[in-house]
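Residues per chain are reported as follows:
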Amino acid sequence: MIDLLKRVWTSPKARSGCVVFACVLAFGLLGPLCLEAEPTDMVGELYEPPSATRWLGTDNFGRDIFTQLAHGTRTSLQVGLLAGLIATLIGTAMGSVAGYKGGLLDAVLNSVTNLFLVIPPFVVLILLSISLRTRSVAVLAVIIGVTSWPWVSRSVRAQVYSLKTRRHVDIARISGFGTFAIIVREILPYILSYIVMAFVLQVASGILTEATLSMLRLGPYNAVSLGTMMSWALMFEAVRAHAWWAFIPPVLLIAVITFSLKYINSGMDEVFNPRLRRT
Amino acid sequence: MLRTLNPGSTLRRFASYIGKRFGWYLLTLVFALVLNFYLPRLVPGDPISQIVSQIATGGVESETMQRLYDTYVEEFGLDKSLPAQFLSYVGMLFRGNLGTSFSQYPKPVTRILADALPWSFALQLPALVVGWIVGNVLGAVAAYRKRVFDHVLFPLSLFLNSIPHYALGILLLYFLAVALDLFPVAGGYDQALTVSFSARFIGSAAYHYVLPFASIVLVTVGGQAIGMREMSIYELNSDYVLYCRSLGLGSGKIIRYVFKNAVLPQITGFATSLGMVVGGSLVTEIVFSYPGIGQVLFTAIRQSDYPLIQGCTLLITLAVLGANFLMDISYGLIDPRIRAAEVEEAAT
């Protein structure tokens, strides 16, 4: 793992992506701790422009935008990281078992994967969201995670499939190791870089999915997220009221987070995928 | 292994390929129908009495309330068992009946969807296709012209692809429509006009079309350009390109070969990702208050109009499944490897 991180660090793309992401992470983690006000506190008038005391002005309820931005970043990161983790775990488990076992089990798991690949996750998420009793941050992250694993599963399966005929895997099999032990010890370490890359992309897509749901007013009911900020700004006509401070910060922040994650992914791809390097 | 095929058996194999794909999509559709039917039924409480009291606000006689209640109980078949409910749901679907909207009672869901569908179709399809074409051409160019294009185009594409469609829409709406006043701020056409095929109406619709169209196109261009760039780099590093180069073939010819080989996976990749893309691009309609399916879905969710939500989700699923099926067929026609795989499957 340390070796993997060292190799990632050799890529300038991955490096700059990591630095940007670390800054956003620090903002989301430390911001809410340093700011005393709650994001729901109404501290000023409607759509106050940015000033020395309120750095990014106020929204339609007179709530401080900068405070909301810090809390919103934290929520969006929480959803993204948790959803990404769930999707990567399910996808890796499904993909590695299917790829290693082959046969009927593979056929069944592969059909399930393809099924969920074609049915729009957007649709499943809407149907799930409207039928849930509560939509807390955690619940939202779970439902995003359980609807976005098929992509991970598919790429892990392909990787495992090409690895399983390697000699060290054969030796482990002959030595009497079980399927689980072989997958964990002999196969997953070799595709760790792919799994990490898949995780990075899943975090990015989890953050975007949360924002999309929030735009449809299916976001978390108990927290501010970057998506709910955009949705509120749009609902209360911030755009047409020229209150740019209410929507440009969350839009840019979402773009910066996903951009940094995709940049890390692209840098890693160049490190671990020699065919992508230019000759 | 390559085998010589006579034309008759090729056709038969192609038919069997299509048959298999069709069967598979049918299965997927049944599963999607089950989800679409079952999930909203998990809603806690008794939504119908809630809805009825919502529709019948303000001094409606209890007799009317009871009639409304009975209408919906019958429509959902709530007095029957769950499998029986599902069968009657599917039966209603086949008769083109998607139920009655709660929020726009007594308008049928199909009417609302039929009004919105042409707007979404005319917006989404051309935007995604144009974005796909432009993105792939740019990606191929970026892969071939290493320095200038690659260093500018790659980060730019990645950045564009990191902004969701609707967020880019918000930016375009603010800068071009609100701040500079170049484009209309909302709607699909001038509200003073009625929907017709007059030159004035079409002109107004085209004027309102520009910004939502641009938001979807730009984000799609970004994503496609990145994918195509990677695919093209793979191909440019392959043996046949080196061989062509050593033969002294012109770069124009080589880039054409590379493009042809790299673009095929981009077609299926796009079809498969449609399920992901469609969410963001439909939500763009909300930003511009564009009168399409995305806007209908938004209003339906706000008003807990379950039949209308289900109608929207079913329509989106059908569109994505249909697009994937069409793509599979055309892929079987374009790419001989698919047919070859079918031959091998038949041989084993």
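Up top is the structure these notes are about.
Analysis parameters
Residues numbered from 1 in each chain as written. Chains lettered and ligands numbered in written order. Predicted model: local features only at pLDDT ≥ 70, side-chain atom pairs only at ≥ 80, totals over all residues. Helix = DSSP H or I, 4+ residues; strand = E, 2+ residues; numbered from the N terminus. Buried ≥ 20, exposed ≤ 12 C-beta atoms within 10 Å, placed from the backbone. Contact = placed C-beta atoms within 7 Å. Axes fitted to C-alpha atoms, helices over the stretch in contact; angles between N-to-C directions. Parallel < 35°, antiparallel > 145°, perpendicular 65-115°, else oblique. Left-handed = near helix turned anticlockwise from the far one by under 90°. Nonpolar A, V, L, I, M, F, W, Y, C, P; charged D, E, K, R; others polar. Core = buried A, V, L, I, M, F, W, Y, C linked by C-beta atoms within 7 Å. Expected span 1.5 Å × (residues − 1). Bend = angle between axes of the 7 residues up to and from the residue.

Participant: Help me understand the overall build of chain A in this model?
Facilitator: Regarding its fold elements, chain A presents 12 helices and zero strands. Secondary structure elements of chain A, listed N to C terminal, follow the sequence α-α-α-α-α-α-α-α-α-α-α-α. C-alpha atoms of chain A, sized along the principal axes, occupy 75 × 45 × 35 Å. Looking at chain A as a whole, 52% of its 279 residues qualify as buried. Put simply, of all contacts in chain A between residues at least 6 apart along the chain, 71% involve residues at least 24 apart.

Participant: Help me understand the packing of helix α5 (residues 121–131) of chain A against helix α12 (residues 306–334) of chain B, please; the structure alone is not making it clear to me.
Facilitator: When two helices pack together, you describe them by how their axes are tilted relative to each other and by the distance separating the axes. Contact geometry for α5 of chain A and α12 of chain B: axes closest at 10 Å, N-to-C directions at 160 degrees. As far as their axial angle goes, α12 of chain B and α5 of chain A are roughly antiparallel. The element α5 of chain A and its partner α12 of chain B pack so that their crossing is left-handed. Taking contact as the criterion, the partners of V123, I126, L127 and I130 of chain A in α5 of chain A are, on α12 of chain B, I309, T313, I316 and T317 of chain B. Partitioning the contact of α5 of chain A with α12 of chain B into residue classes produces six nonpolar, two polar and no charged.

Participant: Honestly, the interface of chain B and chain A in this entry has me stumped. Any pointers?
Facilitator: In many analyses, interface size is given as the accessible surface area lost on bringing the parts together. Between chain B and chain A, the residue contacts involve 48 residues of the former and 41 residues of the latter. Of all the secondary structure elements, the ones that give two or more residues to the side of chain B that touches chain A are α1 (7–38), α6 (147–162), α7 (165–179), α8 (199–236), α10 (251–287), α11 (293–302) and α12 of chain B. Counting residues per element, the side of chain B that touches chain A draws most heavily on α10 of chain B, which supplies nine residues. Classifying every residue of the side of chain B that touches chain A by side-chain character gives 34 nonpolar, 11 polar and three charged.

Participant: What exactly am I supposed to notice about the nonpolar core here?
Facilitator: A general feature of soluble globular proteins is that nonpolar side chains tend to end up buried together. The biggest cluster of nonpolar side chains holds 156 residues, and the ones touching the most others in it are M230 and F247 of chain A together with I170 and L297 of chain B. Dropping the residues within four chain positions of it, M230 of chain A is found in contact with A211, M215, F247, P250 and V251 of chain A together with A167 and I170 of chain B.

Participant: Could you clarify how one ought to interpret α7 of chain B in this entry?
Facilitator: Count 3.6 residues to each turn of an α-helix, and residues three or four apart come out pointing the same way. Here α7 of chain B contains 15 residues, and its C-alpha end-to-end distance of 20 Å stays within 8% of the 21 Å for a straight helix at 1.5 Å per residue. The sharpest bend along α7 of chain B comes to roughly 30 degrees, located at L173 of chain B. Check the buried side of α7 of chain B and you find it contacts α10 (192–215), α11 (226–235) and α12 (248–272) of chain A together with α8 and α10 of chain B.

Participant: What is the right way to look at α10 of chain A in this model?
Facilitator: All names here are of chain A. The first and last C-alpha atoms of α10 sit 35 Å apart over 24 residues, in line with the 34 Å expected at 1.5 Å per residue. Summarising burial for α10: 21 of the 24 residues are buried, a large majority. The first or second residue beyond α10 is R217, which carries a positive phi of 65 degrees.

Participant: So what exactly am I meant to see when it comes to the environment of V287 of chain B here?
Facilitator: Mapped onto the elements of the fold, V287 of chain B is located in helix α10. Along the backbone, V287 of chain B and P212 of chain B are 75 residues apart, and their C-alpha atoms lie at a distance of 8.4 Å. Excluding residues within four positions of it along the chain, V287 of chain B makes contact with L234 of chain A together with Y166, G169, I170 and L173 of chain B.

Participant: So what exactly am I meant to see when it comes to unusual backbone geometry here?
Facilitator: Leaving glycine aside, a negative phi is the common case for residues, and trans is the common case for peptide bonds. All names here are of chain A. Look at R217: it is not a glycine, yet its phi comes out positive at around 65 degrees. Using a count of 16 C-beta atoms within 10 Å as the deciding quantity, one classes R217 as partly exposed. Despite not being glycine, H242 shows a phi value in the positive range, around 60 degrees. Here H242 lies in the loop between α11 and α12.

Participant: What am I meant to see in the environment of V124 of chain A here?
Facilitator: Looking at where V124 of chain A falls in the secondary structure, it is placed in helix α5. Considering only alpha carbons, one finds V124 of chain A and F247 of chain A, 123 residues apart in sequence, at a separation of 28 Å. Not counting the four nearest positions on each side in its chain, V124 of chain A is found in contact with I119 and T147 of chain A together with L35 of chain B.

Participant: Where do I start with the environment of W119 of chain B in this structure?
Facilitator: Mapped onto the elements, W119 of chain B comes out in helix α5 (residues 109–144). The spatial distance from the C-alpha of W119 of chain B to the C-alpha of G252 of chain B is 40 Å, given a sequence separation of 133 residues.

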